[in-house]
Amino acid sequence: NLVIRGGAKSNMKPFEEDTWKAIQINNVILYIVKGCPRCKQSCTNQETGERYEEPLEILSTFRRMNKNGGDDVYFGQNVVFIGLVDGNQKGGNLIRVGDEVEVLTRGKAVWDMEEVQAE
């Protein structure tokens, strides 16, 4: 999992990643495939195994998509590795905490695999 946070100088808005189609981090290119329906794993304390209602309870008030007859709460995006940019000296082939994310392309938000199209 990658967590992307806007810096102090960022104009990034909440859930802006919904419209990202391709991003570059250092020498790594990632393609954003579709929105990610969340499971209870995001509500589980990874050290103790305790489960809570949050963050899904709050997210369900404005991120529930009701796609395909389901009641999924979407938070985050599924991505796939596309490749490396040759000759790029911005940091190599690794992704590290604090690396900058460059949005290469944007487009319509996609929530279901039926809507995913190769570019």
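These numbers were taken from a predicted model, which means no experiment stands behind them. Throughout this description, residue numbers start from 1 for each chain and increase along the sequence as written. Totals for whole chains, interfaces and linings use every residue, but because this is a predicted model, local features are given only for residues with pLDDT of at least 70 and side-chain atom pairs only at 80 or more, for both listing and counting. Where side-chain values are given, they derive from all heavy atoms of the structure, hydrogens and water being excluded.

> Looking at this model, I keep getting lost on unusual backbone geometry. Mind explaining?
Peptide bonds are, in most cases, trans, and in most cases residues other than glycine have a negative phi. With an omega of 10°, the peptide bond running from E54 to P55 counts as cis. The residue P55 is located in the loop between strand 2 (28-37) and helix 1 (56-59) in this model. Here the phi dihedral of F15 falls at roughly 65°; this positive angle occurs in a residue that is not glycine. Only DSSP runs of H or I with at least four residues qualify as helices, and only runs of E with at least two residues qualify as strands; both kinds are numbered from the N terminus onward. Tracing the chain through its elements places F15 in the segment before strand 1 (20-25).

> I'm lost on the state of the cysteines in this one. Help?
A disulfide bridge is the covalent bond that connects two cysteines by way of their sulfur atoms. Cysteine sulfur atoms are paired as a disulfide whenever they fall within 2.5 Å. Enumeration according to the criterion identifies zero disulfides in this entry. C36 takes part in no disulfide bond, and the closest cysteine sulfur to it belongs to C39, at a distance of 7.8 Å. When accessible area is computed with a 1.4 Å probe and restricted to protein chains, residues below 20% of their type maximum are described as buried, those above 50% as exposed, and intermediate ones as partly exposed. Assessed through its relative accessible area of 12%, C36 is described here as buried. Considering cysteine sulfurs only, C39 is the nearest to C43, which forms no disulfide, with 8.3 Å between them. Classification of C43 by relative accessible area gives buried; the value is 2%.

> Even after reading the chapter, I still don't get the packing of aromatic side chains, so can you show me in this structure?
The geometry of two aromatic rings is summed up by the distance between their centres and the angle between their planes. Aromatic rings from Phe, Tyr and Trp, with only the six-membered ring used for Trp, were paired whenever their centres fell within 6.5 Å, and each pair was classed as stacked if the ring planes differed by under 30 degrees, edge-to-face if by over 60, and tilted otherwise. Under the defined criterion, the tally for this structure stands at two aromatic pairs. Residues F15 and F62 carry aromatic rings whose centres are separated by 5.6 Å and whose planes lie at 65° to one another, so their mutual orientation is edge-to-face. Note that F15 is positioned in the segment before strand 1 and F62 in the loop between helix 1 and strand 3 (74-84), a separation of 47 residues in sequence. The partly exposed category is assigned to F62, whose relative accessible area is 45%. Here F15 and F75 contribute two aromatic rings whose centre-to-centre distance is 6.3 Å and whose plane-to-plane angle is 75°, an arrangement assigned as edge-to-face. Pair noted here: F15 is in the segment before strand 1 and F75 is in strand 3, with a separation of 60 residues, a long-range link. Taking relative accessible area as the criterion, F75 reaches 37% and is therefore assigned partly exposed.

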